[in-house]
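# Coordinate analysis (summary)
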Amino acid sequence: MQSSSPAAVDIVPAAAEGRWRLSWSIFIAFAVATLVLGVGRFEYDAAAYWSGAQAVAGTAPPVAEGFWDFRGILSSIVYVPAALVAGILGPTFEGFSVLLQNSLFFAWFAAFLLPKCIEFWRPVSTRTVALGAFLTWVVLSGFAPYALVDAYPAIAAIAIVVLFRLESRAALFAAGVLGGMSVNIRPAYIVGIVGLAAVALVLRRWVGILFALGVFVGLMPQLILNVVRIGSWTLWPTASSSLVSLQAGFAAYIVRYDTFLGAANPRQFYCSPDMASQLVTPLPATAGELAATFGTHMPSSIVFALQKIGAALHWPYTTPYTVPSAGLDGFFATSITAITVLGIAYLIYSAIHTRGHVGSIGARAHWAALATMVIGGVIMLVASATESRFALPLVLIGVVGSANFADLHLREAWGRRPLWVVFSVLAVFAVGFVGVTGLQNPAPPGAVDQGVCASLQAPHPG
C-alpha cells in the first residue's frame, strides 16, 4: 500500500494538467476561428440590444421612450462589456467589440462548461471534448458577429443542468439566479424554469425553495428598474402582456418567422393555411387561450406543432439571419437537425439504460433538469412565432449528446441496440420532413395576418 500511493498521487495531477492544457487549447482555437469570421451589421433586434447596452454603459444617449417597457433590462446588460470596449476604442470598433465578447464567451462554453455536462455520461476523452467543441462552433459561430442575446440564456440552460447535479445549496441557488436572468432576457424560458422549480421542490424538498429564491434574485434588476422608472413593483417589463398577446396570436397559425438580412422587406412569415382557415376571431391572447386553441383544433394542431418544431431546426446556413445560399442551406439544416435529434436520442437512451445505476439525488436532479429543459424548449417553439434561433437551447442539448459519439463505435452500437440506431436515424428524417412541409407556404414579404395566411390554402379540386 505504501509503495502504490506515490504512483497514484502522480497520476491525478498529470491527468488534470493534460485536461487543463486541452481545454485552453480548445479555448484559443475556438476564439481565433470565430474571430476570423469577421464582424456583422447591427440591424433590427441586434440594433436594439446594442443601443440598450450603450445606454447602460453610458457610451451613447439614453434609449427612446418606451424602450424598457418591452425589453428586460438584462437583455441590454449582456453587451455592456463590449459597449465599454467600443467606448474606449471608438465607434469603428463596435462590431469587433461584440465579436470579441461573443467569441470569448462561446469559447469558454465549448472548452470548459460543455465537458462538465458531457462527463456525466462517460469519461471525457480528448476526442469527445474536441467533437463537442467543433459542434458548438458549427452551432454558435453564426451568432458571434451580432449583438443578439439568444446564446446567453441557452448557455445558461446548460449551466443550470450542471449545477443541478451538484448537491450543494449554493449550486441550487446559483441555478435559480441563472434561471431568473434567463427569463428576463428571454421570457419564453419561464416554462422550463417553472418546471425546474417543481423538480427542485420534489427532489430537494424544502431546500428546493433556494432555487425559487435564486430566480427572484435573478429578476431583481428588472424590479429595481420598474420601481425607479415608474414606481411599479413588478418583476417583468411593464408592456410584457402586449408582447404575449402578439406572440400567442401569431403562434396559432405561423410556422416560422425569418429575418432576411439586407432585403428591401426583411420580414418573412411561413404560414399554416390549414390552421389560419380554421381559427375564429378573436385570436388567442394568452398562453391559456393558445393551449385551448390547440386542444380544440386537433388533429390539425398536432401536425402544426410538429411542423413548428421541425421548421425551427431547419436552420439556413446564415442563421440567425437568412441570406439564401443554394445548396448550403439544405446541408446546414440537415446537419443541425441531425445534431439535435441524434444527440437528444442518445441522452434518452442513456437515461433509460442507466436508470437502475443512478441513485443519488444529484444524478436524479441532473436527469430531471435536462428533461425539463428539453420539454420547456419544445413548448417554447410551439407557443411562439418561432424563429430558428429560438431552438438554440434544444440544439445545444443535442450537442451535449452528440459529442459522445466520438467514443461510440457504430458496429458496437448496432450490435447492442439496433432498434435505437434505426429509430434515431428515422427520427432525423421525420423531423426534417415535417420541417420542410411546414415551410411550403411562405407569405408575401412583410406584415401578415390570419387572412393572408388563410388565402394561401390550395383550392380543393372541383
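Residues numbered from 1 in each chain as written. Predicted model: local features only at pLDDT ≥ 70, side-chain atom pairs only at ≥ 80, totals over all residues. Heavy atoms only, no water.

Let's shift gears to the overall build of the chain. What the chain contains, in helices and strands, is 21 helices and 2 strands. What you see for the chain is a C-alpha radius of gyration of 23 Å, in line with the 23 Å of a compact globule of 462 residues. Principal-axis analysis of the C-alpha atoms gives the chain an extent of 85 × 60 × 50 Å. In the chain, buried positions account for 50% of the 462 residues. Looking at the chain alone, contacts between residues at least 24 apart form 76% of all its contacts between residues at least 6 apart. As presented, the chain carries roughly 21,100 Å² of accessible surface, and 71% of it is formed by carbon and sulfur atoms. (Helix = DSSP H or I, 4+ residues; strand = E, 2+ residues; numbered from the N terminus. Rg over C-alpha atoms; globule rule 2.2 N^0.38 Å. Buried < 20%, exposed > 50% of the residue type's maximum accessible area, 1.4 Å probe, protein only. Contact = heavy atoms within 4.5 Å. Areas by Shrake-Rupley, 256 points an atom, 1.4 Å probe, with all protein chains shown as cover.)

A cluster of nonpolar side chains, namely Val 39, Val 85, Ile 88, Leu 89, Phe 93 and Phe 96, defines an oily patch on the protein surface of about 550 Å² accessible area. It is helix H5 (residues 80-89) that provides the largest number of residues to the nonpolar patch, a total of 3 residues. Accessibility expressed as a relative area gives 35% for Phe 93, which makes it partly exposed. (Patch = residues over 30% accessible without salt bridge, like charges linked within 9 Å, V, L, I, M, F, W, Y side chains within 5 Å. Salt bridge = Lys/Arg side-chain N within 4 Å of Asp/Glu carboxyl O.)

Below, the discussion takes up helix H9 (residues 169-185). Here H9 contains 17 residues, and its C-alpha end-to-end distance of 25 Å stays within 8% of the 24 Å for a straight helix at 1.5 Å per residue. On the buried face of H9, the contacting elements are helix H4 (73-77), helix H8 (151-165), helix H10 (190-204) and helix H11 (209-230). (Expected span 1.5 Å × (residues − 1).)

Here the chain averages 87 in pLDDT, and 91% of its residues register 70 or above. Segment residues 1-14: pLDDT under 50, and 0 contacts once partners within four positions in sequence are set aside and those in other chains are kept. (pLDDT = per-residue confidence, 0-100.)

This brings us to the environment of Ser 168. Here Ser 168 lies in the loop between H8 and H9. Classification of Ser 168 by relative accessible area gives partly exposed; the value is 36%. The spacing of Ser 168 and Phe 331 is 163 residues in sequence and 43 Å in space, taken between C-alpha atoms.

Moving on: the environment of Gly 176. Along the chain, the position of Gly 176 falls in helix H9. Judged by its relative accessible area of 0%, Gly 176 falls in the buried class. In this structure, the C-alpha to C-alpha distance between Gly 176 and Pro 123, residues 53 residues apart in sequence, is 28 Å. Residue contacts for Gly 176: discarding those within four places in its chain leaves Phe 211, Gly 214 and Val 215.

Mapped onto the fold, Tyr 189 is located in the loop between H9 and H10. Tyr 189 sits in the buried class, given a relative accessible area of 7%. Each C-alpha atom of the pair Tyr 189 and Ala 351 lies 23 Å from the other, and the pair is 162 residues apart in sequence. If we ignore the near neighbours within four places in the chain, the residues touching Tyr 189 are Asp 150, Pro 153, Ala 154, Ala 157, Ser 182, Val 183, Met 380 and Pro 393.

Further remarks concern the state of the cysteines. Per the stated rule, a full pass over the model turns up 1 disulfide. Here Cys 271 pairs with Cys 453 through a disulfide, and the sulfurs are 2.0 Å apart. An S-S torsion of about -55° defines the bridge between Cys 271 and Cys 453 as left-handed. Here Cys 453 lies in helix H21 (residues 450-454) and Cys 271 lies in strand E2 (residues 267-271), a separation of 182 residues in the sequence. Here Cys 453 falls in the buried class, since its relative accessible area comes to 0%. (Disulfide = S-S within 2.5 Å.)

This brings us to the packing of aromatic side chains. Enumeration over the complete set of coordinates arrives at 23 aromatic pairs. Their ring planes at 85° and their centres at 4.9 Å tell us that Phe 67 and Trp 68 sit as a pair that is edge-to-face. Look at Trp 68 and you get buried, because its relative accessible area is 13%. Clustering of aromatic rings is evident, with ring pairs tying together Tyr 79, Phe 105, Phe 106, Trp 108 and Tyr 152. (Phe/Tyr/Trp six-rings, centres within 6.5 Å; stacked < 30°, edge-to-face > 60°.)

Time to look at the pattern of salt bridges. Evaluation of the coordinates by the stated rule reveals 8 salt bridges. Salt-bridge contacts for Asp 150 lead to Arg 186; the nearest nitrogen and oxygen are separated by 3.0 Å. In this pair, Asp 150 sits in the loop between helix H7 (126-140) and H8 while Arg 186 sits in the loop between H9 and H10, placing the two residues 36 residues apart along the sequence. Look at Arg 186 and you get buried, because its relative accessible area is 14%. One salt-bridge network, in which partners are shared between bridges, spans Asp 45, Asp 150, Arg 186, Glu 387 and Arg 389.

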